[in-house]
Structure formats: C-alpha cells, structure tokens
Amino acid sequence: MDSNFWRTRWCNDEIGFHQPHYNPWLLKCWGQLCLEPGATVFVPLCGKSHDMRWLVGQGFQVQGIELVDVAVEAYFTEAAEPFEHDARGRFQRYRAANTEILCGDFFELTANHLNAPEAVFDRAALIALPERLRLRYADHLLRIIPDGSQILLVTLEYPQHLLDGPPFSVMPEEVTIHFEERCTVQRLAFKATDALPPKFAAAGVERAVESVYHIVKER
C-alpha cells in the first residue's frame, strides 16, 4: 500500500472519502448480522470513521486497522476520548475503553493481531484499493478472520473508464470473484446515489450505484 499517498491525503485534509455522519447502509443492514452484544467487529482501513463510534454505541467491541497515524489520533482527539498508545509487534496500538486501532500496513496483519472478530464492516477499504490490490486484499482478509465471520461490505459502481479512483468502482461480478469460493455472498440492496466527490461531476459521472453485501466466511 502507498503510505506516502495516503499520508499526503490526510495531512492536506483531502479526505472526501470520510463521511461526517454514520453510513446509512450500516444503520439499515447491520441488524441482519444478528450479532450478540459484546461481539468484536473489525473495521479495515478505518480512518477516523464515525461508524466505529456507532458500533461501540450498539454494545460492540471495535478493532480497526489504519495506515496513517494522523487519522487514528484524529479519531480519538475529535471526540475528546482518552486513549493509551503502545506497540503491538510491528504496529502502533491505540486503545480506549471499547476501541482498539492498530496503525500500520493491513497486509502485515496476522490472525494473532486480531481479537477473533465475529464481523467485519468494510465501507471504504475494498473501494479504496486499485484493481491490482483488491484480490490480494480479499484473500488476506479471509485468511486472518475466523471461519464463520460475517462481512457487511459496501461498494460503489460507476463507469471506471471516466476517471480514476479512489474510490474505485467494484462491480457485483468482482465481488463474486473475490469472495464466492470461500464464502456465501448475498447482495442485500443497491441504490443510485449522487453523493459523490466533486471530481466525479468534473469527469461526467453524475450518479453511481451503492451496493451492500452480506458475506459469511465458510472456510
């Protein structure tokens, strides 16, 4: 992963991918996972997402992974939430009462770094990666989460030839390729959206489609 690219984006406040509110698909579809209170939820490439705070508010333990320390520190600082900072192997670890965020490269994570998550929420990880990394991302994610883990995945679909990401377009066929061999995959919903970064309109993309998937790792 290009750490310089993402650090520059965060340091220059070029974070149009950050949503100022809870993700509506999270609010609408999370209940379909039927998780027990206290379950651990893993949020890859989490940034300073408010969605983690919503999950904590629902009684879950949250563990994230983020490449840029500026984003991790902002998550806790903006909420005036005290945190502890130490090292966990090759990662810097930031911990609060019900939240732990590891700072480092997602692809260096092992199952031992994770707290045996029962679920994953991916709103901005898969679509943040170029095509050459998405298959690697999906394969690595399935290697480090336990069998039986559930994934709520949100994707974006638009004519990729009109502009380059991130966010990148990920079509349903690609989701099938990445996950179906080891998981059950169900497309829960899809809906057109015009809530897009300014560069989309400049490139002639006025609308895109958001899709949400429920994925269960079987093996």
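This text follows the structure it describes.
The model shown is predicted, which means the values in this text are computed figures rather than measured ones.

Caption draft 1: Structural context of the side chain of S211. The topology assignment puts S211 in strand β9 (residues 208-217). Judged by its relative accessible area of 0%, S211 is buried. Within the structure, S211 has its side chain in polar contact with the side chain of E157 (distance 2.6 Å). A polar atom in the side chain of S211 sits 2.7 Å from the side chain of R187. Once you skip the residues sitting within four places of it in the chain, S211 turns out to touch L153, V154, T155, E157, R187, A189 and F190.

Caption draft 2: Representation of the pattern of salt bridges in the model. As enumerated under the stated definition, the model contains 13 salt bridges in all. Close ionic contact of R90 with E108 constitutes a salt bridge, the shortest N to O distance being 3.5 Å. Of this pair, R90 sits in the loop between β3 (84-88) and β4 (91-95) while E108 is found in the loop between β5 (99-103) and β6 (119-122), placing the two residues 18 residues apart along the sequence. For R90, a relative accessible area of 68% gives the class exposed. The partner of E157 in a salt bridge is R187, with the nearest N and O atoms 3.2 Å apart. Of the two residues, E157 is situated in strand β7 (residues 150-157) and R187 in strand β8 (residues 183-193); the sequence distance between them amounts to 30 residues. A residue is classified by how much of its surface remains accessible, and E157, at 9% relative accessible area, is buried. What makes R187 partly exposed here is its relative accessible area of 34%. When salt bridges that share partners are traced, they join E84, D86, R88, R93, R95 and E100 into one network.

Caption draft 3: Summary view of unusual backbone geometry. The omega torsion of the bond from G165 to P166 falls at 0 degrees, within 30 degrees of zero and hence cis. Structurally, the position occupied by P166 is in the loop between β7 and α6 (172-179). The peptide bond linking P166 to P167 adopts the cis configuration, its omega dihedral lying at -5 degrees. Note that P167 resides in the loop between β7 and α6. The backbone of C34 sits at a positive phi, close to 50 degrees, despite the residue not being glycine. With respect to the secondary-structure elements, C34 resides in the loop between α2 (24-29) and β1 (40-44). In this structure, L45 takes a positive phi of about 50 degrees despite not being glycine. In this fold, L45 is placed in the loop between β1 and α3 (50-57). The exposure class of L45 is buried, given its relative accessible area of 17%.

Caption draft 4: How the structure looks around the packing of aromatic side chains. Under the defined criterion, the tally for this structure stands at eight aromatic pairs. Their ring planes at 65 degrees and their centres at 4.8 Å tell us that Y158 and F200 sit as a pair that is edge-to-face. You can see Y158 sitting in the loop between β7 and α6 and its partner F200 sitting in helix α7 (residues 198-202), a full 42 residues away along the chain. Like Y158, the residue F200 is buried in the burial classification. Of note, R53 hangs over the ring of Y75, and the distance from its end group to the ring centre comes to 4.0 Å. Seen from the ring of F107, R136 lies directly overhead, with NZ or CZ sitting 4.0 Å from the centre.

Cut-off values and rules
- Residues numbered from 1 in each chain as written.
- Predicted model: local features only at pLDDT ≥ 70, side-chain atom pairs only at ≥ 80, totals over all residues.
- Heavy atoms only, no water.
- Helix = DSSP H or I, 4+ residues; strand = E, 2+ residues; numbered from the N terminus.
- Buried < 20%, exposed > 50% of the residue type's maximum accessible area, 1.4 Å probe, protein only.
- Polar contact = N/O pair within 3.5 Å; in protein donor to acceptor, adjacent residues only side chain to side chain.
- Contact = heavy atoms within 4.5 Å.
- Salt bridge = Lys/Arg side-chain N within 4 Å of Asp/Glu carboxyl O.
- Phe/Tyr/Trp six-rings, centres within 6.5 Å; stacked < 30°, edge-to-face > 60°.
- Lys NZ or Arg CZ within 6 Å of the ring centre and 35° of its normal.

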